[in-house]
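One letter stands for each residue in the lines below.
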Amino acid sequence: MTRRILVTSALPYANGPIHIGHLVEYIQTDIWVRFQKLIGNRCVYICADDTHGTAIMIRARKENRSEEDLIADMSGQHQRDFSGFHVQFDHYGSTHSEANREQCHFVWSALRKADLVVERSVDQLYDPEVGTFLADRFVRGTCPVCGREDQPGDNCVCGATYTPIELINPKSTLSGATPEVRSAVHLFVQLEKLRSLLSEWIDSSDALQKETANYLKGYFLAADKELKDWDISRPGPYFGFEIPDSPGNYWYVWFDAPIGYIGSTAQWCQAHGESLDDWWRSPETEIHHFIGKDITYFHTLFWPGMLHTAGFQLPTKVHIHGFLNVGGEKMSKSTGTLISAETYLKHADPDLLRYFYASKLTPRVEDLDLGIDEFVEKVNSDLVGKVVNLASRVGKFAGLTGLSTEYPDDGGLFERAAEAGDAIAAAYEATDYSRATRLIMELADAANPYVEHAKPWEMKKDPQRLDELRDVVTVALNLFRQLAIYLAPVLPSLADKCAALLGDPLTSWDQSKSPLLGTPVQKFKRMMERLQPEDIQKMIEESKQAADADAAAEALPSFNDSDQPLKDEPLAEEITIEDFAKVDLRVARVVAAEQVPEANKLLKLTLSLGGEERRQVFAGIKAAYEPEQLVGRLVVMVANLKPRKMRFGLSEGMVTAAGPGGAEVFILGIDEGAQPGQRVH
RNA sequence: GGGCCAGUAGCUCAGUUGGUUAGAGCAGACGACUCAUAAUCGUUUUGUCGCGGGUUCAAGUCCUGCCUGGCCUACCA
């Protein structure tokens, strides 16, 4: 029976590029979807960019462009990266779409009708400079419990948890300003009213891995605790959808993000003449969400509550995976292990990472580790040494012989591999890809000795033995073809290459059950390159450099320079280097500075050009500098300026400075190490 | 503090409801082959199955205590 299955991955946030950590999930999901399609189920893979929230708003401002422009840009990048890793969505939408707004309105009115929404005033920190309320992660300050400085807004390394309002000396990470406490009305969903529904769903639906169900029951749904109300609004300004019956308030990004699954499906339905109800309101349809463990509660409490209230089907299964570590450590920018999809693709084949993740993924909520040596050894040994090599070692003969018209005796290898198909399929179905790849490699391990013992290279030397040779080729390539089919969900491009070699598209799992016979074989081409440890090193190196560059850029103040000065005083006429050389600029040290009581603007400076050389200069900087500030400083002077007799004495040069005048005068300094008397070239 | 998971050969792991001398792949050693991307094939070394108790005719497998490591502990996308 054909199942109808809707599959989603979590929506990537539009505030950053896709990295190899994200890819665990998209590859996990894509493998499952490809598997479902291969065995003939009706399966649709839906995703979208998650675009709303303060972070997007702030970043758009910083980059001086509209949010729409920013998210369009990011969505393009995301889709490019996913496609680079052969992650194939049926539809990729955006939470910032009319389709999604419509669904949000619908869910919202259902929540209102069910009387689940309450209003309450909330005290929150507000950044007066940026003009926005601050989420916890946008505040840092001193821990009220242990006194450590520069701690996050909600907890401290000492283990204490608190609210940002309790922080001592809080600072906004957006502007550095000191936030003030302001109160605003927020809207809450009363989850407690949905307790029995949620309990029952968690208990009896089989939608959750056992450890997740236990965790939820023990922690959130414990008998002695109430489910807290869920704050789903944010006061403006906020990049998102305004709440229709609460002007000035916007839905919190976590309200409209999961609804984005539905909104994006609606777009797909629109484009393909499908009915949304068939996919979200039909008990005939399975709904599978793939998510990371960090967003468990959003998908297992709030989301089912919303779905149920709005009359949608509850998820059939929420598949939760752990995080990616690299070399046993958390990924980090500074060590270069937070490798972006883009960087990876410059140095290695995406299928290798797909295979490695597959070999590590189980149905459990466990973190997985990308060990660099392990990665290289695993993919080279399994994929190149075993699988591809099987085709490669008979590839040259195959062009001559083609495939036999009857399947030869292979000692039962093909049949055993065909029988293994069910167990492999069951492992894919259960998202136990580790098991699936292990079973497949057992088959590959059995196939290579066949070729070894058959000795096709001896047959090739004897024209009399062409039929025998053809039989060996037929067996080897059919065993290879089985492997390619079984691995097709993981390695789509290998399946394509196998199909091209044999002139027979791989479209169905059942093709693994009967051998391909009586057809010619195309000229063999290499199907996969070995991975070199240096390839990975290059990725890490490049990521590290990118991180350093980012950090450097971050450290700089944002350069938002006005164009006014240049307008006030346009550039002078072009000169030659000779013209410039006429001006003798010298480093000089201010050895004395004094007020000139009768002058309105002048200070009298004594400048040293080193040794005994002294110049007396009157400078118009009285309003900007105190004499004491200047003594000892190095300045740049025009040393060959014709001396000018002034009312207070002779001025023997000029100190260079910029600014419109008055108090706005800035003397040119020079970096440490320069010596008085040196010329400026 | 509480909860969950894991601890099996140098490495990554498999060991179904307890049942014969505990397995695979990789790495190592020796040998073979040359069709193949220094790939492959054969033989082969290595384990107090974290530690201590207990149940049983029989425990890596069940119970219990402990040790070690990891993860989680509601407004962070």
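Residues numbered from 1 in each chain as written. Chains lettered and ligands numbered in written order. Predicted model: local features only at pLDDT ≥ 70, side-chain atom pairs only at ≥ 80, totals over all residues. Heavy atoms only, no water.

By the naming in an unreviewed UniProt entry, chain A goes by Methionine--tRNA ligase and is assigned to Roseiconus nitratireducens. In its Subunit (unreviewed entry) section, the UniProt entry covering chain A states "Homodimer." In the Function (unreviewed entry) part of its UniProt record, chain A is described as follows: "Is required not only for elongation of protein synthesis but also for the initiation of all mRNA translation through initiator tRNA(fMet) aminoacylation." (UniProt positions renumbered as here; feature names shortened; annotations may be inferred.)

Novice: I would appreciate a short explanation of the UniProt feature "domain: TRNA-binding" (unreviewed entry) in chain A in the present structure.
Specialist: UniProt's feature table lists "domain: TRNA-binding" (unreviewed entry) at residues 579-681, given in the numbering used throughout. Across residues 579-681, the secondary structure splits into 8% helix and 46% strand, with the terminal C-alpha atoms separated by 12 Å. (Helix = DSSP H or I, 4+ residues; strand = E, 2+ residues; numbered from the N terminus.)

Novice: What am I meant to see in the protein's contact with RNA strand B here?
Specialist: The environment of RNA strand B is formed by 46 residues, the closest being Tyr13, Tyr219, Tyr252, Trp254 and Met528. For RNA strand B, the backbone portion of the atoms within 4 Å of the protein, that is sugar and phosphate, comes to 75%. Arginine 393 places a main-chain nitrogen or oxygen 2.7 Å from a sugar or linking oxygen of RNA strand B. Residue arginine 526 places a side-chain N or O atom 2.6 Å away from a sugar or linking oxygen belonging to RNA strand B. Where the surface near RNA strand B is concerned, the elements lending two or more residues are helix H6 (210-219), strand E10 (230-231), helix H7 (253-272), helix H9 (296-309), helix H12 (372-401) and helix H14 (433-454). Of the residues forming the surface near RNA strand B, the biggest block, 12 residues, is contributed by H12. Its residues assigned to classes, the surface near RNA strand B shows 18 nonpolar, 6 polar and 22 charged. (Near = heavy atom within 4 Å. Polar contact = N/O pair within 3.5 Å; in protein donor to acceptor, adjacent residues only side chain to side chain. Nonpolar A, V, L, I, M, F, W, Y, C, P; charged D, E, K, R; others polar.)

Novice: Quick question: what am I supposed to make of the packing of aromatic side chains here?
Specialist: A ring pair, where both rings are aromatic, is described by two values, the distance of the centres and the angle of the planes. Taken as a whole, this structure holds 29 aromatic pairs when the rule is applied. Between tyrosine 297 and phenylalanine 302, the aromatic rings sit 6.2 Å apart at their centres with planes inclined by 75 degrees, giving edge-to-face as the arrangement. Clustering of aromatic rings is evident, with ring pairs tying together Tyr26, Tyr45, Phe82, Phe89 and Tyr92. Sitting over the ring of phenylalanine 323, lysine 293 keeps its end group 4.9 Å from the ring centre. (Phe/Tyr/Trp six-rings, centres within 6.5 Å; stacked < 30°, edge-to-face > 60°. Lys NZ or Arg CZ within 6 Å of the ring centre and 35° of its normal.)

Novice: Please explain the UniProt feature "binding site: ATP" (unreviewed entry) in chain A as it appears in this structure.
Specialist: According to UniProt, the feature "binding site: ATP" (unreviewed entry) maps to Lys333 in the numbering used here. Mapped onto the fold, lysine 333 is located in the loop between strand E16 (329-330) and helix H10 (341-347). Taking the relative accessible area as the measure of exposure, lysine 333 reaches 53% and is therefore exposed. Not counting residues up to four positions away in its chain, the partners in contact with lysine 333 are Leu338, Ser543, Lys544 and Ala547. (Buried < 20%, exposed > 50% of the residue type's maximum accessible area, 1.4 Å probe, protein only. Contact = heavy atoms within 4.5 Å.)

Novice: I tried to follow the pairing of strand E26 (residues 664-667) on my own but got confused; where do I start?
Specialist: Looking along a regular strand, one sees the side chains alternate between the two faces of the sheet. Because side chains alternate across E26, one face comprises the buried residues Val665 and Ile667, and the other comprises Glu664 and Phe666, none of which is buried. In this sheet, E26 lies alongside strand E25 (residues 657-661) in antiparallel orientation, the contact comprising 3 bridges. By the bridge assignment for E26, alanine 657 is matched with isoleucine 667. (Pairing = 2+ DSSP bridges.)

Novice: Can you help me understand the side chain of serine 282 in this one?
Specialist: If you trace the backbone, serine 282 turns up in the loop between helix H8 (276-280) and strand E13 (285-292). Ignoring any residue separated from it by four or fewer positions in sequence, one finds serine 282 in contact with Arg4, Asp277 and Gln313.

Novice: Explain the state of the cysteines to me, please; I cannot follow it from the model alone.
Specialist: By definition, a disulfide is the covalent link that joins the sulfur atoms of two cysteine residues. Under the defined criterion, the tally for this structure stands at 0 disulfides. With no disulfide of its own, cysteine 43 lies 13 Å from the sulfur of cysteine 47, the closest cysteine sulfur. Note on cysteine 104: no disulfide assigned, nearest cysteine sulfur contributed by cysteine 47 at a separation of 16 Å. (Disulfide = S-S within 2.5 Å.)

Novice: Please explain helix H1 (residues 20-38) as it appears in this structure.
Specialist: Since the α-helix turns once every 3.6 residues, residues separated by three or four places project in the same direction. With 19 residues, H1 extends 26 Å between its outermost C-alpha atoms, agreeing within 8% with the 27 Å of an ideal straight helix rising 1.5 Å per residue. Extensive coverage of H1 is indicated by the burial of 17 of its 19 residues. (Expected span 1.5 Å × (residues − 1).)

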